[in-house]
Amino acid sequence: MTKTIPKDVHELDEVRKRIDRMTGAEALKLEQIARRFVEPRDAGDLMQEAFSRILEGRRNWPTNVEFLPFMAQVMRSIASTDRRNSVRQPGLQLVPQHGEQLTFDNMADPGPNPEEIVRQQDELALSKEMFADDDVATSFIDALDAGFRRPEIMELCDLDANGYDTVVRRIKRRLEKRSLKDVHNA
């Protein structure tokens with residue numbers, strides 16, 4: 001049975017063409033992004049897994065999101081899921097005690113706990129919902145979430161320095177307005 005693709009996502013043929021047109025600079029940028037989410041030696045595997053999921057239709061590319069921020073989000077999601085799955089399995093570490101004796105102790109995961117992850121995802125979803133009518137702000141938020149820096153965001157969103165600052169102010173104002181409403185409604 002074929003899965004129905006919503007109208008607000010790119011068709012698989014469009015995705016394949018975009019991947020085929022990917023430049024060397026874009027591939028390097030994606031590898032740099034992947035290295036932020038996993039060990040450097042695993043970056044290639046993470047990229048391949050993201051491409052596989054997209055080309056198999058398991059992840060759909062929304063039409064209102066630029067390609068690189070979308071790829072970054074897919075890679076972040078895969079890495080996050082892998083970390084959550086590995087957290088479920090207790091880690092062991094050799095800890096020397098009493099001279100040369102070694103024992104195994106469970107280690108706590110230094111990453112965010114499930115409540116923090118859910119809160120962050122909820123805040124991101126709410127922020128993106130607030131800017132659903134603003135493609136530039138949505139792409140900007142996606143790029144920030146993917147870990148892009150100012151020059152990368154400017155390139156991805158086709159902004160100059162003034163345009164970047166304007167988008168930042170617009171986002172801040174709307175978020176502050178929402179925060180004030182939340183305080184008054186509490």
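Keep in mind that what you see is a predicted model, and the values were worked out from it rather than measured.

Student: Honestly, the environment of valine 9 in this entry has me stumped. Any pointers?
Tutor: Looking at the secondary structure, you find valine 9 in the segment before helix 1 (12-20). Expressed as a C-alpha distance, the spacing of valine 9 and threonine 63, which sit 54 residues apart in the sequence, is 4.9 Å. Not counting residues up to four positions away in its chain, the partners in contact with valine 9 are Asn60, Trp61, Pro62 and Thr63.

Student: Help me out: how do you make sense of the pattern of salt bridges in this one?
Tutor: Where charged atoms from two side chains of opposite charge approach closely, those side chains can pair. What the rule picks out here adds up to 11 salt bridges. Measuring nitrogen to oxygen at the nearest pair gives 3.2 Å for the salt bridge that ties glutamate 155 to lysine 29. Note that glutamate 155 is positioned in helix 7 (residues 150-156) and lysine 29 in helix 2 (residues 24-37), a separation of 126 residues in sequence. Note on glutamate 155: relative accessible area 57%, which makes it exposed. Close ionic contact of arginine 36 with glutamate 152 constitutes a salt bridge, the shortest N to O distance being 3.6 Å. Taken together, the positions of arginine 36 in helix 2 and glutamate 152 in helix 7 put the pair 116 residues apart, joining distant regions of the chain.

Student: Looking at this model, I keep getting lost on helix 6 (residues 135-145). Mind explaining?
Tutor: Residues spaced three or four apart along an α-helix face the same direction, because each turn holds 3.6 residues. When we look at burial in helix 6, the residues that qualify are Ala137, Thr138, Ser139, Phe140, Ile141, Asp142 and Ala143. At the N-terminal end of helix 6, a side-chain oxygen is found 3.3 Å from the backbone nitrogen of valine 136, two or three residues along, and the residue is aspartate 134.

Student: Even after reading the chapter, I still don't get the environment of glutamine 32, so can you show me in this structure?
Tutor: Topologically, glutamine 32 is positioned in helix 2. Considered as a pair, glutamine 32 and phenylalanine 148 are 116 residues apart in the sequence and their alpha carbons are 10.0 Å apart.

Student: Would you explain the packing of aromatic side chains in this entry?
Tutor: Aromatic rings in a pair are described by how distant their centres are and how their planes are angled relative to each other. Evaluation of the coordinates by the stated rule reveals three aromatic pairs. Taking 5.2 Å as the distance between ring centres and 65° as the angle between the ring planes, the aromatic pair formed by tryptophan 61 and phenylalanine 67 counts as edge-to-face. We classify tryptophan 61 as buried; its relative accessible area is 8%. Consider the rings of tryptophan 61 and phenylalanine 70, whose centres lie 6.2 Å apart with planes at 20°: the pair is stacked. Among the aromatic residues, ring-to-ring pairing joins Trp61, Phe67 and Phe70 into one connected group.

Student: Help me understand the nonpolar core, please; the structure alone is not making it clear to me.
Tutor: Soluble globular proteins tend to bury their nonpolar side chains together. The biggest cluster of nonpolar side chains holds 41 residues, and the ones touching the most others in it are Leu30, Phe51, Phe67, Met75, Phe140 and Phe148. Contributions of two or more residues to this core are made by helix 1, helix 2, helix 3 (43-55), helix 4 (67-87), helix 5 (114-130), helix 6, helix 7 and helix 8 (161-185). The residues touching phenylalanine 67, leaving out its near neighbours within four places in the chain, are Arg18, Ile19, Met22, Phe51 and Trp61.

Student: Could you clarify how one ought to interpret the packing of helix 1 against helix 3 in this entry?
Tutor: The relative placement of two packed helices comes down to the angle between their axes together with the axis-to-axis distance. Axis separation between helix 1 and helix 3 bottoms out at 10 Å; the angle between their running directions is 150°. Taken together, helix 1 and helix 3 sit at an angle that is classed as roughly antiparallel. Seen from helix 1, the contacting residues are Leu12, Val15, Arg16 and Ile19; seen from helix 3, they are Phe51, Ile54 and Leu55. The class makeup of the residues in the contact of helix 1 with helix 3 is six nonpolar, no polar and one charged.

Student: Explanation requested: the confidence of the model for the protein chain in the structure shown.
Tutor: A low pLDDT means the predicted coordinates there should not be read in detail. Averaged over every residue, the pLDDT of the protein chain is 77; the share at 70 or more is 74%. When mean pLDDT is taken per element in the protein chain, helix 1 scores highest with 91 and strand 2 (residues 101-107) scores lowest with 49.

Student: In this structure, what is going on with the environment of valine 74? I would like to understand it.
Tutor: Looking at the secondary structure, you find valine 74 in helix 4. Looking at valine 74, the relative accessible area reads 0%, which means it is buried. For the pair formed by valine 74 and asparagine 60, sequence separation is 14 residues and the distance between their alpha carbons is 9.6 Å. Setting aside residues no more than four positions away along its own chain, valine 74 makes contact with Ala50, Ile54 and Arg59.

Criteria and thresholds
- Residues numbered from 1 in each chain as written.
- Predicted model: local features only at pLDDT ≥ 70, side-chain atom pairs only at ≥ 80, totals over all residues.
- Heavy atoms only, no water.
- Helix = DSSP H or I, 4+ residues; strand = E, 2+ residues; numbered from the N terminus.
- Contact = heavy atoms within 4.5 Å.
- Salt bridge = Lys/Arg side-chain N within 4 Å of Asp/Glu carboxyl O.
- Buried < 20%, exposed > 50% of the residue type's maximum accessible area, 1.4 Å probe, protein only.
- Polar contact = N/O pair within 3.5 Å; in protein donor to acceptor, adjacent residues only side chain to side chain.
- Phe/Tyr/Trp six-rings, centres within 6.5 Å; stacked < 30°, edge-to-face > 60°.
- Core = buried A, V, L, I, M, F, W, Y, C linked by side-chain atoms within 4.5 Å.
- Axes fitted to C-alpha atoms, helices over the stretch in contact; angles between N-to-C directions.
- Parallel < 35°, antiparallel > 145°, perpendicular 65-115°, else oblique.
- Nonpolar A, V, L, I, M, F, W, Y, C, P; charged D, E, K, R; others polar.
- pLDDT = per-residue confidence, 0-100.

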